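Tertiary structure, described
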Amino acid sequence: MNSKKISAHEGKNMEKDQETRRRILTVAERLFLAKGFKGVSMKDIADEVDVTTAALYYHFSEGKQELFLCMIQQAIEDWGEQTFHEVNQVSGLRQKLLVLTQHTLSRHLNNFFAFSRDVEEFCRDNARKRELMVSHRKGQLQRVTALFQEAIDGGEITQVIPANLLALMYEGMAMGLQFGRYFFAADIEQRDTQQLATMIVQSFLDGITNPAKR
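Because the structure is predicted, anything quoted here is derived from the model rather than measured. (Residues numbered from 1 in each chain as written. Predicted model: local features only at pLDDT ≥ 70, side-chain atom pairs only at ≥ 80, totals over all residues. Heavy atoms only, no water.)

**So, the overall build of the chain**
Looking only at helices and strands, one finds 9 helices and 0 strands in the chain. Listing the helices and strands of the chain from first to last along the sequence gives α-α-α-α-α-α-α-α-α. A burial count over the chain gives 36% of its 214 residues as buried. Taking the intrachain contacts of the chain between residues at least 6 apart in sequence as the baseline, contacts between residues at least 24 apart amount to 67%. Accessible surface, the chain as shown: approximately 13100 Å² in total, 51% of it carbon and sulfur. (Helix = DSSP H or I, 4+ residues; strand = E, 2+ residues; numbered from the N terminus. Buried < 20%, exposed > 50% of the residue type's maximum accessible area, 1.4 Å probe, protein only. Contact = heavy atoms within 4.5 Å. Areas by Shrake-Rupley, 256 points an atom, 1.4 Å probe, with all protein chains shown as cover.)

**Points about a nonpolar patch on the surface**
On the surface, V160, I161, L165, L168 and M169 cluster together to form a nonpolar patch covering roughly 450 Å² of accessible area. Structurally, the position occupied by L165 is in helix α8 (residues 163-183). Residue class for L165 comes out partly exposed when judged on its relative accessible area of 40%. (Patch = residues over 30% accessible without salt bridge, like charges linked within 9 Å, V, L, I, M, F, W, Y side chains within 5 Å. Salt bridge = Lys/Arg side-chain N within 4 Å of Asp/Glu carboxyl O.)

**Considering the nonpolar core**
Judged by nonpolar contacts, the single largest core of 26 residues is most densely connected at F32, I45, L56, L67, F68, M71 and I72. Secondary-structure elements contributing two or more residues to this core are α1 (2-35), α2 (42-49), α4 (64-87) and α6 (107-122). With 7 residues, the single largest contributor to this core is α4. The residues touching F32, leaving out its near neighbours within four places in the chain, are F37, V40, I45, K64, L67, F68, M71 and F115. (Core = buried A, V, L, I, M, F, W, Y, C linked by side-chain atoms within 4.5 Å.)

**Describing the packing of α4 against helix α5 (residues 93-104)**
Contact geometry for α4 and α5: axes closest at 9 Å, N-to-C directions at 155°. The pairing of α4 with α5 is recorded here as roughly antiparallel in orientation. With respect to the hand of their crossing, α4 and α5 are arranged in right-handed fashion. Contacts between α4 and α5 involve W79, Q82, T83, F84, E86 and V87 from the first element and K96, V99, L100, H103 and T104 from the second. The residue makeup of the contact of α4 with α5, split by class, is 5 nonpolar, 4 polar and 2 charged. (Axes fitted to C-alpha atoms, helices over the stretch in contact; angles between N-to-C directions. Parallel < 35°, antiparallel > 145°, perpendicular 65-115°, else oblique. Left-handed = near helix turned anticlockwise from the far one by under 90°. Nonpolar A, V, L, I, M, F, W, Y, C, P; charged D, E, K, R; others polar.)

**A word on the environment of D50**
Checked against the element boundaries, D50 lands in the loop between α2 and α3 (53-59). Judged by its relative accessible area of 67%, D50 falls in the exposed class. Residues D50 and I24, spaced 26 residues apart in sequence, show a C-alpha to C-alpha distance of 9.5 Å.

**Some points on the packing of α5 against helix α9 (residues 193-206)**
Relative to each other, α5 and α9 sit at 135°, their axes nearing to 9 Å. Relative to α9, the element α5 is oriented oblique. Here α5 runs over α9; the crossing is right-handed. Together, L93, R94, L97, L98, T101 and Q102 of α5 and T193, Q194, A197, T198, I200, V201, Q202, L205 and D206 of α9 make up the contact between the two elements. Of the residues assigned to the contact of α5 with α9, the class counts are 7 nonpolar, 6 polar and 2 charged.

**Examining the pattern of salt bridges**
Here the structure, examined in full by the defined rule, presents 5 salt bridges. Salt-bridge contacts for R22 lead to D78; the nearest nitrogen and oxygen are separated by 2.6 Å. Of this pair, R22 sits in helix α1 while D78 sits in helix α4, and the two are 56 residues apart along the sequence. Residue classification places R22 among the partly exposed residues on the basis of a relative accessible area of 38%. The partly exposed category is assigned to D78, whose relative accessible area is 31%. One salt bridge connects R94 with D206, and the closest N-O pair in it is separated by 2.9 Å. Taken together, the positions of R94 in helix α5 and D206 in helix α9 put the pair 112 residues apart, joining distant regions of the chain.

This is how it looks when you write it as structure tokens:
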């Protein structure tokens with residue numbers, strides 16, 4: 001009887017800890033985005049969340065670098081879940097890629113580029129950095145590969161090129177354009193996200209050769 005009470009109490013504490021951790025990461029994302037890694041202290045985050053600095057270190061014992069990398073990981077996971085939930089609401093490879101590409105060109109990915117610069121500058125020697133980036137890319141590619149494999153299995157596209165290579169080629173186009181929009185905005189004609197997504201998907205699936213010249 002007593003053990004059940006303790007178990008329930010522990011469960012509530014764990015739930016409260018998870019809520020606090022989530023709140024810390026949400027606030028940290030906003031502050032890091034506004035001020036950059038260097039411009040935000042653990043105290044700044046603690047004050048904004050309304051917890052003590054000691055409480056912050058309870059959740060992130062290794063300090064600001066750990067919190068920063070955990071925040072990026074959470075942001076990536078949230079983006080992925082939301083994106084592929086919406087992708088799965090539509091049918092056909094073309095429509096799925098249009099939804100995925102619009103998300104890839106979204107403002108949230110701009111935030112990721114901004115955070116990546118701070119990761120390289122301030123978390124250079126942190127072993128978790130490479131693990132985070134590699135796991136993100138692998139997870140993303142697995143999901144995109146599954147989209148192409150489904151289309152191959154359904155006879156929607158040719159099976160000449162394996163799904164994993166198609167995923168890499170598509171990702172190269174989408175992320176390359178997003179990279180250009182972020183770092184070379186002045187050199188790229190301004191179009192809205194939907195137009196750019198349509199251009200990428202049409203180019204990838206239909207090619208750019210003039211049909212009359214084929």
